Amino acid sequence: YSDDENWLVRMNESVGRNKGNTCEYNFGMNGNTNEKLVELLGDANIAKLGLIKKTILIRLILHPPGNGAAWHKDNPTASYRLKFPDLDHNNGEIVRYWFSAIDWKNGQVFQIGDTVLSHWKAGDVYQIPFGVPHASMNFGYNFKYTVALTGMKRA
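A brief look at the structure comes next. (Residues numbered from 1 in each chain as written. Predicted model: local features only at pLDDT ≥ 70, side-chain atom pairs only at ≥ 80, totals over all residues. Heavy atoms only, no water.)

**Quick word on the pairing of strand 8 (residues 134-138)**
Burial analysis of strand 8 places four of its five residues in the buried class, the great majority of the element. Pairing geometry for strand 3 (residues 67-72) and strand 8, over four bridges, is antiparallel. Counted as the bridge partner of glycine 68 is methionine 137 from strand 8. (Buried < 20%, exposed > 50% of the residue type's maximum accessible area, 1.4 Å probe, protein only. Helix = DSSP H or I, 4+ residues; strand = E, 2+ residues; numbered from the N terminus. Pairing = 2+ DSSP bridges.)

**Regarding the packing of aromatic side chains**
What the rule picks out here adds up to five aromatic pairs. On the numbers, 5.1 Å between centres and 80° between planes, the contact of tryptophan 98 with tryptophan 120 is edge-to-face. Note that tryptophan 98 is positioned in strand 4 (residues 94-100) and tryptophan 120 in the loop between strand 6 (115-117) and strand 7 (125-127), a separation of 22 residues in sequence. Residues tryptophan 98 and tryptophan 120 agree in their burial class; the two are buried. Every member of this aromatic cluster is reached through a ring pair, and the members are Trp98, Phe110, Trp120 and Tyr126. (Phe/Tyr/Trp six-rings, centres within 6.5 Å; stacked < 30°, edge-to-face > 60°.)

Encoded structure:
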């Protein structure tokens, strides 16, 4: 991780954010959950996004009320490279998208850079550019079901 990414982690820890006081259910990295999520996404949606199906990593993220992910930057392809170690990562443009699996409910937000998102409809898709900090929070009363999707664009 870069010095900037490590600084953000230290800042989150200094204000008390850690695995002991926030809850996130994250599906897609373990077992065959990614394959099941890719099938749920469907070939028509994969084509709309212009992605190569066999290169897709989907993470279904659930935040219970009062929980979220603090302001951070991701290592651009760390999870992706773990899931697809044999993929030639130099053979196309790797992109990451975020969307909600259900319509927005009061108290749910997602921030990418200086843009705060709310009032989304299920399936509204936003790109998270690599290197741009982002955060997610659910201070409402309903579970927040969102998807982080990484994949390689078709040439």
